[in-house]
Amino acid sequence: MMVRREIAGDAAAIRTVVGTAFARPAEQDLLPAEVTLVDELRASAAWIPALSLVATTAAGEIIGQVLCTRAAVDLSPVLALGPLSVRPDHQRRGVGHALMHAMLGAADALGEPLVGLLGDPGYYSRFGFRPSDACGITAPQPAWGAHFQIRTLTAHGPSPRGRFSYPEAFDSV
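Residues numbered from 1 in each chain as written. Predicted model: local features only at pLDDT ≥ 70, side-chain atom pairs only at ≥ 80, totals over all residues. Heavy atoms only, no water.

With that settled, consider the pattern of salt bridges. All told, the structure shown has 8 salt bridges when counted by the stated rule. With its nearest N and O atoms 2.8 Å apart, the salt bridge here joins Asp 39 to Arg 15. Residue Asp 39 is found in helix H2 (residues 33-42), and its partner Arg 15 is found in helix H1 (residues 11-21); the two are separated by 24 residues along the sequence. By relative accessible area, Arg 15 is classed as partly exposed at 35%. As a salt-bridge pair, Arg 87 and Asp 89 come within 2.7 Å of each other at their nearest N and O atoms. (Salt bridge = Lys/Arg side-chain N within 4 Å of Asp/Glu carboxyl O. Helix = DSSP H or I, 4+ residues; strand = E, 2+ residues; numbered from the N terminus. Buried < 20%, exposed > 50% of the residue type's maximum accessible area, 1.4 Å probe, protein only.)

Another point: H2. For H2, the set of buried residues is Glu 34, Val 35, Leu 37, Val 38 and Leu 41. With its buried residues spanning 160 degrees around the axis, H2 presents them on a single face. On its buried face, H2 sits against H1, strand E2 (47-56), strand E3 (62-73), strand E4 (76-86) and helix H5 (168-172). (Arc of directions from axis to C-beta. Contact = heavy atoms within 4.5 Å.)

Among the secondary structure elements, Arg 163 is positioned in strand E9 (residues 162-165). Given a relative accessible area of 37%, Arg 163 falls into the partly exposed group. Remark: the alpha-carbon pair of Arg 163 and Asp 74, spanning 89 residues in sequence, is separated by 5.5 Å. Setting aside residues no more than four positions away along its own chain, Arg 163 makes contact with Ala 72, Val 73, Asp 74, Thr 138, Ala 139, Pro 140 and Pro 142. Only 3.5 Å separates the side chain of Arg 163 from the backbone oxygen of Ala 139, close enough to count as a polar contact. (Polar contact = N/O pair within 3.5 Å; in protein donor to acceptor, adjacent residues only side chain to side chain.)

So, about the packing of aromatic side chains. Following the criterion strictly, the structure yields 10 aromatic pairs and no others. Plain terms: the ring middles of Tyr 124 and Phe 129 are 6.0 Å apart, the flat faces sit at 75 degrees to each other, and that makes the pair edge-to-face. Pair check on accessibility: Tyr 124 and Phe 129 agree, each one buried. When the ring of Phe 164 is compared with that of Tyr 166, the centres are 5.1 Å apart and the planes differ by 70 degrees; the resulting orientation is edge-to-face. Overall, Tyr 166 belongs to the buried group, its relative accessible area being 13%. Ring pairing ties together the aromatic residues Trp 144, Phe 148, Phe 164, Tyr 166 and Phe 170, which thus form one cluster. (Phe/Tyr/Trp six-rings, centres within 6.5 Å; stacked < 30°, edge-to-face > 60°.)

What is shown is where atoms sit, not what they do.
Pasting the structure below:
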């Protein structure tokens, strides 16, 4: 497996990976909302091309994808991670793990202060994520509790503190 930046021509394969990763058996005929979210994020001002990564097989087939987009804590720019998608036939083989480590390294190399996400604390804590309130950051929805998490990076300083805001596409999907 290799992790690389998304390149021109990857969008269709990414849509397939995201669609299969988030497919719900009871809704087989419906396109998962996460597919639309990725499409809308890609078309938005929040899109950061350097932070859309794919995992590929040795033959170049895309089997996973993760992205970060521009978000904010009050007026300070930060990153929102998601979705993280791995094709079902490649799950539990380290693909998601590799994508997360590559993404955090890329975000850190770009000088970003922190990454926020909504997800399972049991999974994401292994990457250094912790509940947002431990970092002085308020979740967009207080009911998310410990599921809204923050991972600070090297450039993180005494700020930002305040309310986390996802890119607009997260609200419209």
